[in-house]
Amino acid sequence: MGDISYLLPLLFVGVGAVVLMLLSYTKSLSISSIAKIALGFLVLAFISNVYYFGELHKVYPYENVFFGMIVSDTYSVYFNSILLVGAIATILIGWDYFRPDRRFTGEFFSLLLFSTFGMMLLVQSAELLSAFIALEIASLSLYVMIGFQTDNIRRVEASYRYLVLGSLSGVLFLFGTALIYASTKTTFLGNIGVELLPQTGKDISLAIGGATLILITFLFKISAFPFQNWTIDVYDGSPLPVSAYMASTFKVAVFAFMLRFVAMDLGYIKDYWDGLLMGVIILTLAYGTFLALAQNNLKRMLASSSIVHTGYLLIAFVSIDIIGESASSSIIYYLIAYFLSAMGAFGLISYISSSDKLRLTYEDFKGFSHVRPYMSAMLSIFMLSLAGLPGTIGFIGKFYIFSGAIEAGYTVLATSAILATFISIYYYFKLIALMYFYPSPILSNVPPLKGLPPIFIGFIAIAVLWGGIGNTFIAFFPSIDFLIDVAKLSHRSLFLQ
Amino acid sequence: MYEIIAFYTFSALVIGLFGIVVLSKNALYSMTALAGGMVFISGFFFILDAEFLGVVQIVVYTGAIMALYAFGMMFFDTTRDVKEDIRCKKIFYTLSILSAVLVLIVLSAPIFSANIEAIYPTLEGVGNVQTIGLLLFTKYLVAFELAAIMLLVAMIAGIVLVGKKLDAQSDDLEVAKELK
Amino acid sequence: MSETAVIIETIVKAVVVLSVVAGMGAFATWIERKVLAFMQRRLGPMHVGPYGVLQLAADGIKLFTKEDIIPQNALKPIFVLAPIVAATSAFVAMAAIPYFPEFTVFGYTVHPIVSDINVALLYVMGVASVGIYGPLLAGMSSANKWSLLGAARAVVQILSFEVVSGLSVLAPIMMIGSLSLIDINDFQSGGVTNWLLWKQPLAFLLFAIAGFAETNRSPFDTIEFEAEIVSGFATEYSGMRWGLFFVGEYANMITIAVLVSIIFMGGYNPIWFIPGAIVMLLKVSFWIFLFLWVRAAWPHVRPDQLMWVCWKVLMPLALVNILITGIVLV
């Protein structure tokens, strides 16, 4: 297999999106069969992607045609796997949610695949311009996916708000790219870093400005502190599977690109950001925690807690130039941990509320365990993992990040993060307590465990547990050690020639 | 000398027209001035011997984008003045003036601080079109093709969001007919 | 040659082109009436001057002296501006068109082109597309529903057919490899068999159809079709302002005729013993005549049919043509 094999995942998703677009025009296929086709394309892409999983390589496919704008390395394969699993998970947990009577049509799946295509491209792009376009492809489809149900005003508002703010942040990215180009005369990752080396003796103030603008876009997309205002309303206004998709997958893709950019090029510039980023992190943690404490609605609580998790991730991001490999592998690992837990939690809530237009609050879960013991068990697992209790994958992720931060000398950050974790136990455990310690159930019309979504969510729950205890109990079994090894390999593959 | 005359004429025209765009209360005046300003901006490209960009400026902005704006404006009565509802004028003016000054500083800083030199100076005997074409179809091929996909997504998005409303409206019409 | 000399030469050329084309446009109105009359077994204007030639002078005087009416609710500045835009854009577009082969007068070589820019074709089509603002602004500022309908039809029709004409002309450009009209002309030197018409028949047909639509000629004159929307965007106009729209329309017709002659029909290359200038004149005259002929012979189409044929027939055909040309070239 030649260069094409490195592009197959992208091709499958892109072609799938176009095919779905054409199929949804005919209106003869039911929505579930279109979902099946979308699933088929994603699975094909996933299989062709896994082929290179964990293999140390860095290839610029068709370099004489693409001029090194697209790269395929261990790093991108790793993240593409997460993204593809995310897209597959979105379809699976929304299996009962995407129904024609909710005005979901075939185009929704086309947009989902386009969005995934954009994210995968973002992970694979080795150049700022194509990264910008990839980011815009992903965001554009997301805007529409959020507001797909045009008869629902809250959806439209969320979509519009995200569209306006997102476009603004996209413009900043473009402007930053222009400034970097003005300073370094290149937009290719890898070359920028070479131009910025202090040895060249160049005035790099323009590049610093440009990189900071790109950082702002990045902070916006992952909803870090000064740019977090949209998060709760947009997540709350979106259909639940879309919220899950945004919270887990989109964040992963943006983080993946920024990590590559910073690790490859901005090591020198990052020194200027240290103070700034530390402030951002502490405020993100504080503000997110405060917001999460104030929420009564479960979906809004998960949205605000996603801000807190952004804060944790940024801690590892700061320490990346001091303890490079272990910091980036801890980010990569934490992304998986958060991805699994958030996907599971959002998915389960969307399944519970899929029968009617219920907005789930804490109160609704009083005594839930008596009606649906398995569901409450799964929900508890996800909450435990989000809180970072030992025995779940969330704990291992947090452990790596905090120990890394201390190792890199950011004790203040580690302390505040641990504080935030302690407080977070309150709002996660509140749900568990309500579910188990109240006698009479309030929710009556919860669908029973039947069909695809619960099975899939069950798998996620098992994965969360297995990631937390697997390596201690089952020796010689591929476990998180394997994932962490691959994460380290991925980091190394960034610097291959 | 004629270049200078042309430059200042075009500058005055562009600034004047864009001033009208911002200051006029009538949407049709603003649109006309904006379209005119876009045409005159192309004059700068022609002065710089970048004919291709100049023509593209006319075709894209004036010929296509502004015409679509105008098409949208046909749904309103454009011969009447628009009443702007700005609650706190002070903040509004301060912010807009501040951002204008900021943009000016950001754009002019590199000009004053360093000599700007072209990395790809125009080659003798090779026209604008060829140079742009070469860059677009070699180095930036991927970005160029991806932009096409982005536009496709935008098109799907537009059709999905608007097309459904048209359906709903036609349903309403049918209901109305049945009621009669 | 000094800068000033170039400027003066350019100004002279511009004035010549402007006056000649305006004169031709006026003359074309008389021709139109005559041709239509003969095709309908009438005589047409006969009373003013020999064979009614001076009718155009009479019409001109009538237009100039007519009362200038601006409707009460119209937006005056825009209302006044619209016909000027229509006429100006039509004439400005002509700046990059070579009309004749270069010739020598008193030892001084004259290039009969106002400005030879290397993207001439794009320029001509781009600036001509600005002409859309004539009907558009006229319709929107008139405060009249018929005008607005005419403006809407104008935008839809002209924008749509610009796509077709742009795509259809892309195939010949791919063969020639230049956007300069002079290069396009030189590519076809050496007799009738070298005309691009034979190599790109489909592109020729599409471009001609789009030309008819963009100049708002019958059978595609939906923009100001009397039976449907009174007079479209020009409903409220009278006198000289209305005349300016008219001049712009005829100038556009001449532009399209010249473009088709240069791109597809060998341009101003001489044939046998006939010199290039005469050949060019003949071709342009033929095309003007064709415009009139079609008007006399064919009924007009509905706007929805027009859009249907544009987006579902002509545009795909143009794309296929480009694809085939590309495959053949490679």
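Residues numbered from 1 in each chain as written. Chains lettered and ligands numbered in written order. Predicted model: local features only at pLDDT ≥ 70, side-chain atom pairs only at ≥ 80, totals over all residues.

**A short note on the overall build of chain C**
A count of helices and strands for chain C gives 13 helices and two strands. In terms of overall dimensions, chain C is globule-like: its C-alpha atoms have a radius of gyration of 20 Å, near the 20 Å expected for 330 residues. Here the C-alpha coordinates of chain C stretch approximately 60 × 50 × 45 Å along the principal axes. Residues counted as buried form 45% of the 330 residues belonging to chain C. (Helix = DSSP H or I, 4+ residues; strand = E, 2+ residues; numbered from the N terminus. Rg over C-alpha atoms; globule rule 2.2 N^0.38 Å. Buried ≥ 20, exposed ≤ 12 C-beta atoms within 10 Å, placed from the backbone.)

**Considering the interface of chain C and chain B**
The partner chain B presents 20 residues to the 28 residues of chain C that form the contact. Elements with a contribution of two residues or more to the side of chain C that touches chain B: α1 (3–39), α3 (76–92), α4 (120–130), α5 (133–141) and α6 (145–176) of chain C. Considering each element in turn, the side of chain C that touches chain B owes the most residues, six residues, to α4(C). Counted by class, the side of chain C that touches chain B contains 22 nonpolar, five polar and one charged residues. (Contact = placed C-beta atoms within 7 Å. Nonpolar A, V, L, I, M, F, W, Y, C, P; charged D, E, K, R; others polar.)

**Examining the nonpolar core**
In this structure, A253(A), I315(A) and Y334(A) are the most contacted members of the largest nonpolar core, which totals 197 residues. Ranked by residue count, the leading element in this core is helix α14 (residues 324–352) of chain A, at 19 residues. The contacts of Y334(A), once residues within four sequence positions are left out, are Y312(A), L313(A), A316(A), G397(A), Y400(A) and I401(A). In terms of nonpolar packing, the next biggest core, distinct from the first, is built from 115 residues, A120(C), L148(C), F246(C) and V258(C) among them. (Core = buried A, V, L, I, M, F, W, Y, C linked by C-beta atoms within 7 Å.)

**Re the interface of chain A and chain B**
With 26 residues of chain A at the contact, the number on the chain B side is 20 residues. Elements with a contribution of two residues or more to the side of chain A that touches chain B: α3 (63–66), α5 (106–124) and α6 (128–146) of chain A. For the side of chain A that touches chain B, the element with the most residues is α6(A), which contributes nine residues. Of the residues contributing to the side of chain A that touches chain B, the split by class is 17 nonpolar, five polar and four charged.

**Quick look at the packing of helix α13 (residues 298–318) of chain A against helix α18 (residues 411–436) of chain A**
Helix-helix packing: each pair is described by the crossing angle between the helix axes and the interaxial distance. All names here are of chain A. Following both chains from N to C, one finds α13 and α18 inclined at 160°, their axes separated by 11 Å at the closest point. Relative to α18, the element α13 lies roughly antiparallel. Here α13 and α18 pass one another in a crossing that is left-handed. Contacts from M301, S305, V308, G311, Y312, I315 and V318 of α13 reach α18 at L413, A417, A420, S424 and Y427. Residue classes in the contact of α13 with α18 are distributed as nine nonpolar, three polar and no charged. (Axes fitted to C-alpha atoms, helices over the stretch in contact; angles between N-to-C directions. Parallel < 35°, antiparallel > 145°, perpendicular 65-115°, else oblique. Left-handed = near helix turned anticlockwise from the far one by under 90°.)

**Here we look at the environment of T217(A)**
Residue and element names in this part refer to chain A. Relative to the helices and strands, T217 resides in helix α9 (residues 205–221). C-beta crowding within 10 Å serves as the criterion here: with 25 such atoms nearby, T217 is assigned to the buried category. Between the C-alpha atoms of T217 and V171, which are 46 residues apart in sequence, the distance is 8.5 Å. Non-local contacts of T217, meaning those with residues more than four positions away in its chain, are made with S169, G170, L172 and F173.

**Here we look at the packing of α1(C) against helix α2 (residues 55–65) of chain C**
All names here are of chain C. The N-to-C vectors of α1 and α2 enclose an angle of 115°; their axes lie 9 Å apart at closest approach. In this view, α1 runs roughly perpendicular relative to α2, as classed from their interaxial angle. Viewed along their axes, α1 and α2 form a crossing whose handedness is right-handed. Packed against α1, whose contacting residues are A26, F27, T29 and W30, the element α2 presents Q55, L56 and G60 at the interface.

**What to know about unusual backbone geometry**
Residue and element names in this part refer to chain C. A positive phi angle, close to 60°, is found at R41, a residue other than glycine. Within the secondary structure layout, R41 lies in the loop between α1 and α2. Backbone geometry at A143 places phi at a positive 55°, although glycine is not the residue there. Take A143: it is sitting in the loop between α5 and α6. Taking the C-beta count within 10 Å as the criterion, A143 has 18 such neighbours and is therefore assigned partly exposed.

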